[in-house]
Amino acid sequence: MKERERAETENDQAMKLAPDEDLMLEVRNGTGETLGVLFDRYHAPLYNFYSKLTGDRTLSDDLVQEVFLRILKYRQSYEPGTPFRAWIYQIARNARVDHYRKTPRHITFEPEMVPPVMPKDSAQQSEETALLHKALMQMPEEKREILILSRFQELKYDEIARLLGCELGTVKTRIHRAIQELRQNFKQLERGLAPREAGPAVVKTIPPRRFGNEM
């Protein structure tokens with residue numbers, strides 16, 4: 001009995017350390033419990049992706065559940081060697097598009113949905129997070145999405161290029177333009193103005209890009 005329990009424990013630990021791609025191959029081959037490990041890894045990132053994109057907590061939860069239902073339903077479509085993170089975010093994008101085909105868009109402001117900032121005090125935090133969220137929501141959806149993927153989901157540029165089906169240079173250009181527009185929107189909101197074309201303003205609260213993806 002102890003040997004059996006030890007073997008099960010070792011198997012659980014091995015699954016927790018296994019690469020995403022290996023786990024997905026197990027799901028593809030019918031080992032359903034490995035999907036739970038992937039759920040634990042990706043539930044929070046996907047929820048954050050949806051919440052910053054839609055501003056709706058209930059919808060974000062529903063869409064995350066839909067992603068994992070689709071993974072189970074279409075598991076045979078996963079090809080060995082495919083980077084799992086890009087694959088799951090493609091499913092996530094498709095799930096959101098399909099939802100809005102059936103349901104009119106309605107973006108709300110919920111303070112929990114705002115991107116992270118590093119203000120000097122709590123009063124400044126409250127004001128800056130609200131402004132940054134509004135600035136983000138005023139952007140066109142395609143710019144908002146690529147900025148969230150890059151700066152808040154921390155996908156690498158090559159992952160985003162694969163996800164969006166475009167060249168690496170195109171991704172860099174689009175992210176740069178999105179950042180410029182977010183900065184301009186933020187500064188105009190600070191001054192109480194409506195957003196206009198991007199200019200030389202700066203937002204200091206945008207999370208910096210991680211290693212190897214500097215523009």
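The model shown is predicted, which means the values in this text are computed figures rather than measured ones.

**A few points about the overall build of the protein**
A count of helical and extended segments in the protein gives nine helices and zero strands. Across the 215 residues of the protein, 42% fall into the buried class. Within the protein, contacts between residues at least 6 apart in sequence are counted, and of these 62% link residues at least 24 apart. Carbon together with sulfur atoms contributes 50% to the accessible area of the protein, which is approximately 12,200 Å² in total.

**Some details on the environment of leucine 149**
Within the secondary structure layout, leucine 149 lies in helix H7 (residues 141-152). In this structure leucine 149 comes out as buried when scored by relative accessible area, which is 0%. Sequence-wise, leucine 149 and isoleucine 160 are 11 residues apart; in three dimensions their C-alpha atoms are separated by 7.3 Å. Setting aside chain neighbours within four positions, we find leucine 149 in contact with Phe49, Tyr89, Glu154, Leu155, Ile160 and Leu163.

**Remarks on helix H9 (residues 168-190)**
If you check H9, its first and last C-alpha atoms are 33 Å apart, about what 23 residues at 1.5 Å a residue would give, namely 33 Å. Taken as a whole, H9 has its buried residues at Val171, Ile175, Ala178, Ile179, Glu181, Leu182, Gln184, Asn185, Phe186, Gln188 and Leu189.

**Concerning the pattern of salt bridges**
Side chains bearing opposite charge may pair, as long as their charged atoms lie close to each other. Tallying each qualifying case throughout the model produces 10 salt bridges. The partner of arginine 41 in a salt bridge is aspartate 20, with the nearest N and O atoms 2.6 Å apart. Taken as a pair, arginine 41 in helix H3 (residues 33-54) and aspartate 20 in helix H2 (residues 20-28) lie far apart in primary sequence, 21 residues in all. The class for arginine 41 is partly exposed, based on a relative accessible area of 27%.

**Side note on the packing of aromatic side chains**
Geometry of an aromatic ring pair is reported as the spacing of the ring centres plus the angle between the planes. One pass over the structure, following the stated rule, counts seven aromatic pairs. With centroids separated by 5.4 Å and ring planes inclined at 50°, the aromatic side chains of phenylalanine 49 and tyrosine 50 adopt a geometry described as tilted. Relative to tyrosine 89, the ring of phenylalanine 49 has its centre 5.5 Å away and its plane inclined at 90°; by these criteria the two rings are edge-to-face. Linking phenylalanine 49 in helix H3 with tyrosine 89 in helix H5 (residues 84-102), this pair joins segments that are 40 residues apart in sequence. Note on phenylalanine 49: relative accessible area 0%, which makes it buried. Ring-pair connections join several aromatic residues into one group, and the members of that group are Tyr42, Tyr78, Phe84 and Trp87.

**Notes on H3**
Between the first and last C-alpha of H3 there are 30 Å, a value that for 22 residues agrees with the 32 Å anticipated at 1.5 Å per step. Along its length, H3 reaches its greatest deviation from straightness, about 45°, at tyrosine 42, and the proline proline 45 lies no more than four positions downstream.

**Observations concerning unusual backbone geometry**
Positive phi outside glycine occurs at glutamate 154, with the angle close to 60°. Mapped onto the elements, glutamate 154 comes out in the loop between H7 and helix H8 (157-164).

**As for the packing of H3 against H5**
How two helices sit against one another is set out by the angle between their axes and by the gap between those axes. Put simply, H3 and H5 touch, their axes get as near as 11 Å, and they point 45° apart. Relative to H5, H3 is oriented oblique. As H3 packs across H5, the resulting crossing turns out to be right-handed. Side by side, H3 and H5 meet where Leu38, Tyr42, Pro45, Leu46, Phe49, Tyr50, Leu53 and Thr54 of the first sit next to Phe84, Arg85, Ile88, Tyr89, Ala92, Arg93, Ala95, Arg96 and Tyr100 of the second. Residue classes in the contact of H3 with H5 are distributed as 13 nonpolar, one polar and three charged.

The rules behind each value
Residues numbered from 1 in each chain as written. Predicted model: local features only at pLDDT ≥ 70, side-chain atom pairs only at ≥ 80, totals over all residues. Heavy atoms only, no water. Helix = DSSP H or I, 4+ residues; strand = E, 2+ residues; numbered from the N terminus. Buried < 20%, exposed > 50% of the residue type's maximum accessible area, 1.4 Å probe, protein only. Contact = heavy atoms within 4.5 Å. Areas by Shrake-Rupley, 256 points an atom, 1.4 Å probe, with all protein chains shown as cover. Expected span 1.5 Å × (residues − 1). Salt bridge = Lys/Arg side-chain N within 4 Å of Asp/Glu carboxyl O. Phe/Tyr/Trp six-rings, centres within 6.5 Å; stacked < 30°, edge-to-face > 60°. Bend = angle between axes of the 7 residues up to and from the residue. Axes fitted to C-alpha atoms, helices over the stretch in contact; angles between N-to-C directions. Parallel < 35°, antiparallel > 145°, perpendicular 65-115°, else oblique. Left-handed = near helix turned anticlockwise from the far one by under 90°. Nonpolar A, V, L, I, M, F, W, Y, C, P; charged D, E, K, R; others polar.

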